[in-house]
Amino acid sequence: MSKRNKFVDDHNVDHLLPLVGGVITQVIVDDGDESEETCYGIVVEKNGTKYECLIMCDPEGNGPGHLHIWKDK
């Protein structure tokens, strides 16, 4: 999978841009209810605003997913 380092006209990129420059301050767990699976996420703080970010399988939140993380060399 390739990573793009340029800004493009992409809704997914626009959705993530508010997090740039923020600080991850917490790991969160959403247990949901008995019919839902547990989801995991992070809290990102930037300029006094907290963003709760859950890792979901799609934008509608149809279950937990996976976040790929690459460490730049």
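Predicted model only: the values in this text are computed from it and were never measured.

With seven bridges connecting them, strand 1 (residues 23-30) and strand 2 (residues 39-46) associate as antiparallel partners. Across the sheet, the residue bridging to I24 is V44, located in strand 2. Across six bridges, the pairing between strand 2 and strand 3 (residues 49-54) is antiparallel. Across the sheet, the residue bridging to I42 is C53, located in strand 3.

As a further point, take the sheet that holds strand 2. Strand order in the open sheet formed by three strands is 1-2-3, with antiparallel pairing between adjacent strands. Edge positions in the open sheet fall to strand 1 and strand 3, since each of these has one partner strand only. Here the strands of the sheet are splayed against their neighbours by 25 degrees on average, with no regard to which way each runs.

Moving on, we come to the environment of V23. Mapping V23 onto the fold places it in strand 1. Residue V23 is classed as exposed on the basis of its relative accessible area of 51%. Sequence spacing of V23 and V44 is 21 residues, and the spatial spacing of their C-alpha atoms is 5.3 Å. Each residue touching V23, except ones within four places of it in the same chain, is listed here: V43, V44 and E45.

A few words now on the confidence of the model for the protein chain. Per-residue pLDDT for the protein chain averages 79, and the proportion of residues at 70 or more is 78%. Considering each helix and strand of the protein chain separately, the mean pLDDT is smallest for helix 1 (residues 11-16), with a value of 79, and largest for strand 1, with 93.

About the criteria used
- Within every chain, residues take consecutive numbers counted from 1 along the sequence as written.
- Side-chain atom pairs in this predicted model are given and counted only at pLDDT of 80 or more, local residue features only at pLDDT of at least 70, and totals for whole chains, interfaces and linings cover all residues.
- Values shown for side chains rest on all heavy atoms present in the structure; no hydrogens or waters enter the calculation.
- Any two strands with at least two DSSP bridges between them are considered paired.
- A run of H or I in DSSP counts as a helix once it spans at least four residues, and a run of E counts as a strand once it spans at least two, with each numbered from the N terminus.
- Geometry is summarised by axes, namely lines fitted to C-alpha atoms with helices restricted to the contacting stretch, and by angles between N-to-C directions that run from 0 to 180 degrees.
- Relative accessibility under 20% of the residue-type maximum defines a buried residue, over 50% an exposed one, and the middle range a partly exposed one, all with a 1.4 Å probe and only protein chains included.
- Here, two residues are considered to be in contact whenever any of their heavy atoms come within 4.5 Å of each other.
- Residue-level confidence of the predictor, termed pLDDT, takes values from 0 up to 100.

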